[in-house]
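Tertiary structure, described
Here is what each chain is made of, one letter per residue.
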Amino acid sequence: MSRFKDLQKNLFGGTTSNARQFGMIFTLVAIVLLFQFLTARNLGVGFGDGLTLRSDNLIALFQQNSYILILAIGMLMVIVAGHIDLSVGSIAALVGILVAKSMADWSLPWPAAILLGLGCGAVIGAWQGFWVAYVGVPAFIVTLAGMLLFRGANQFVGNADTIPVPKGFQNIGAGFLPEIGPDTGYNNLTLLLGLAACVAVVWRELQARRTRKEMDAEPTPMWVSGIRIAIMIAVLVFVTLRFAGGRVGTSFPISGLILVVLVIAYSFYTRNTAGGRYIYAVGGNSRAAELSGVKLKRVNFFVMTNMSILAALAGMIFVARSAASGPQDGLNWELDAIAAVFIGGAAVSGGIGTISGSIVGGLVMAVLNNGLQLLGVGTDRVQIIKGLVLLLAVALDVYNKSQGRFSVIGSITRPFRREAPAEPASSLEAGSKPAKTTVAG
Amino acid sequence: MTTSPILLEMRSITKEFPGVKALSDVNLVVRSGEIHAICGENGAGKSTLVKVLSGVYPHGSYSGEISYQGSEIRFSDIRQSERAGIVIIHQELALIPDMSITENVFLGNEPRKRGAIDWKSAQRQARDLLARVGLSEDPDTLIKDIGVGKQQLVEIAKAFAKDVKLLILDEPTAALNETDSQHLLDLLRGFRERGVTSIMISHKLNEIEAIADEITILRDGKAVETLNIKRDGVDEDRIVRGMVGRELGNRFPDHVPKIGEVFFEVRDWTVRHPISAERLVCKGESFQVRHGEIVGFAGLMGAGRTELAMSVFGRSYGVYLGGRIFKDGKEIQLKTVADAIHHGMAYVSEDRKAIGLNLLDDIKASTVAAKLSKISKHGVLDEVAEHKAAEAYRRELRIKAPTVDEGVSKLSGGNQQKVVLAKWMFTDPDLLILDEPTRGIDVGAKYEIYGIIQRLADQGKGVIVISSELPELIGICDRIYTVFEGQITGDIAGRDADPETLMKQMTSTKKMQAR
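Let me sum up the structure you'll find in this document. (Residues numbered from 1 in each chain as written. Chains lettered and ligands numbered in written order. Predicted model: local features only at pLDDT ≥ 70, side-chain atom pairs only at ≥ 80, totals over all residues.)

**Comments concerning the overall build of chain B**
In terms of helices and strands, chain B carries 18 helices and 24 strands. In terms of overall size, chain B behaves like a compact globule, its C-alpha atoms giving a radius of gyration of 25 Å where 515 residues would be expected to give roughly 24 Å. Judged by the C-alpha coordinates and their principal axes, chain B covers about 70 × 50 × 50 Å. Restricting the contact set of chain B to residue pairs at least 6 apart, pairs at least 24 apart contribute 67%. (Helix = DSSP H or I, 4+ residues; strand = E, 2+ residues; numbered from the N terminus. Rg over C-alpha atoms; globule rule 2.2 N^0.38 Å. Contact = placed C-beta atoms within 7 Å.)

**A closer look at the pairing of strand 10 (residues 197–201) of chain B**
Residues and elements named next belong to chain B. Among the 5 residues of strand 10, 5 are classified as buried, and the element is accordingly described as predominantly covered. Here strand 10 shows no split at all, with Thr197, Ile199 and Ile201 on one side and Ser198 and Met200 on the other all buried. Pairing between strand 3 (residues 35–39) and strand 10: 4 bridges, direction parallel. Counterpart to alanine 37 in the pairing with strand 10 is methionine 200. Where strand 9 (residues 166–170) and strand 10 come together, 5 bridges link them in parallel fashion. Its bridge partner being in strand 10, leucine 169 is matched across the sheet by methionine 200. (Buried ≥ 20, exposed ≤ 12 C-beta atoms within 10 Å, placed from the backbone. Pairing = 2+ DSSP bridges.)

**Re the environment of tryptophan 131 of chain A**
Residues and elements named next belong to chain A. Tracing the chain through its elements places tryptophan 131 in helix 5 (residues 110–135). C-beta crowding within 10 Å serves as the criterion here: with 19 such atoms nearby, tryptophan 131 is assigned to the partly exposed category. For the pair tryptophan 131 and phenylalanine 301, spaced 170 residues apart in the sequence, the C-alpha separation amounts to 8.7 Å. Not counting residues up to four positions away in its chain, the partners in contact with tryptophan 131 are Val137 and Val142.

**A look at the packing of helix 4 (residues 88–105) of chain A against helix 14 (residues 333–343) of chain A**
All names here are of chain A. Two numbers describe how helix 4 lies on helix 14: the axes approach to 6 Å, and their chain directions differ by 130°. Put simply, helix 4 runs oblique to helix 14. Residues Val88, Gly89 and Ala92 of helix 4 pack against Trp333, Glu334 and Ala337 of helix 14. Taken together, the residues of the contact of helix 4 with helix 14 sort by class into 4 nonpolar, 1 polar and 1 charged. (Axes fitted to C-alpha atoms, helices over the stretch in contact; angles between N-to-C directions. Parallel < 35°, antiparallel > 145°, perpendicular 65-115°, else oblique. Nonpolar A, V, L, I, M, F, W, Y, C, P; charged D, E, K, R; others polar.)

**Focus: the nonpolar core**
In terms of nonpolar packing, the biggest core is built from 183 residues, with Leu71 and Ala72 of chain A together with Ile453 of chain B touching the most fellow members. Those residues in contact with isoleucine 453 of chain B that sit more than four places away from it in its chain are Ile294, Leu434, Val463, Val465 and Ile476 of chain B. Within the second largest apolar cluster, 63 residues are counted, among which are Val30, Ile66, Ile88 and Leu130 of chain B. (Core = buried A, V, L, I, M, F, W, Y, C linked by C-beta atoms within 7 Å.)

Taken by themselves, the reported measurements are silent on function.
Have a look at this one:
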């Protein structure tokens, strides 16, 4: 066990947040393998022929969940800043119908329609951001109002009807990377994408090593970097081949590509820029942030506006995939997005959470959903299970925090995690007490 | 006095926190019907001792024995101790502002009649209790509508509602003005005559001398002595000697100031309260700071020192009504905190946990939080630069943590304060405003903080220190302003200042002084 711990510490870094991400990824992998096994057993075939990891299932999984995951990106930032957004489903529906109508009634070309949709999202977001940031109405109320408002607007604009969208537009939700180049038996662009990802993994590892060196930190042993790269590349190669080797005409979905680009961009923004740091500062302690020169209103306005733009994008992708916009689009999406963020380790009180965590959280829910459906479990029971998973994940988080530890699903893997960081006596000066006890005496 | 029976005896109490012994082998004997004072410096273990007694730290989390009314007690929570008649009134009052006096007095202890709260009886009892503590207010008045002195009395009434036998007051007069304090002390004397025993934790030695029968002095978690005020002829100096364990004098590092020209000036600064429009918190105050000068602001709680500092610091408090700020001879506009930081100002707040730090952050993120532009290019952060900057401050200020990746919530008060100082030193300020920079930190860390303040001044920066501890201001400041009710009432050179003069100016306007 302790050797496993050492290995884990070496491979995934020793800090608590890394341990948490390890826990979540571990959980995701475990769930995937579990469903692969169960679906295979159901059909009476070998493990390799289970349904979960089949090309068509993976592709469908991505297509069906890309818009929820896009929402989770925005929602993570909203929640980190200490707010919540209940209106994203309604915004998605309203933007969907506006875009569909603009193409049907005014015969707007689809690229222009997409820009129009994003613009609508920005306007709606500015509206909500105004109330939250500049008037000071709690986001819960503003977006609850928005949820009603924009749902109603969707049905008003569309007459509660379904409006189809043209073929070109459908690509952003239902399209795949096209077939080009020589016939390799695989989709060439998907292969290229996988190759690029592999290169990126190696590059990042080298970059991380260089950073550690510059910080005069103890360098990561070479073999650790090697194993880390090997695992990542193995996973990437497997996934790439699955996506590239599906039914002819299918490959890595365009919506998945949009998602990947957004995840990379927003991860960079939240982790590596001053603007991203401000969001965490506001959520962690808004007054302290304000007194450090952070423009509170601007940050709040930005996260709310950004959320609505992403909701608009998600709405358009959904409309494109279902080839039409309807009055029931985006129903309960906000709940899925919020669940993904919390399962992904964000704190209810704000200030804590990562984009990658939320994506993994969203994938946990998606795989659960998908796997249960493959097993023929009815939607009633699927909902019950999903509800319990959400509750359990956050309850574990709360429990762990009361124990002075972090992590959500990481705790499922408690035996594998390093011990909660013991307070080294040397790090505390005499007279110090645990944070809660104020030293008044 | 010594003939009265022993009510409470705590024997060999030892309480440890990870890495530190807060109490070691403490003995305390309290006799029935006396007022027993507990004194000691910050961090000496006074609050910890009281928390052990009242069950905040349950039996088993400490070692030692407590006997009360002749039998041994083992409280596992605060409810049990309250049932036994031991009630603590904390420094921070535990009242709910939007509830009435009656509701607060009986909170968690409501008189019932067939399951429902019997408000009639509650009101009647509340009236009696208020009479006992000498408070003539309608029991239906909301807590937020009465002053802090009266709130203190409501707390005491609440204790009586629980049939108190041993009343413990933690710094009861810290937030009160002279009149209210006097009233409270009279009340305690009255209780003594009626046989109620009180334990009083206080920093105000004159009050202790005036009211207590016995005094137990704690130092570094040990009970160094118990004195009988009358028999032993105890006076303030005697108490101080016991608390500090040495003569005063070396509490402040030696320092030769290098004072230059005036570079920062505020004129006629007028600010009103953020909510009530007619309340002025700064009434046309003017002050100056020179290069290399440590300027103190003395004043009682509520005098408007913090309000003045925060309103100057980018209008982060109240509503600006008028006044001008000059730096290096030029008038500057500081409308936001960002403006203030840009013009080389830094404000280290008095409440580092509530508004000074993001407790979710680690040391490195906290260090750079107020000036991310220094470690970023086009908004993109440079991790390595961040790490190096934080590491440099960790070494310079001797922040006790293994690495700068340590979360600030895990640090002790003194080290947290150093992180806040690092955060503002990182912004390269010309003027630092330090609001209660040593509140709640122990003597050793205080000495280090004073050293840091002096080093900053030696670099030619101006430093403003706001403090409620007059000896601290006298010890480190080159010049001290006194503030009373939103007005600057005095301007004394540090070497000429003594507590009496300062106190006089802190409690009266210039006109009153002239009389």
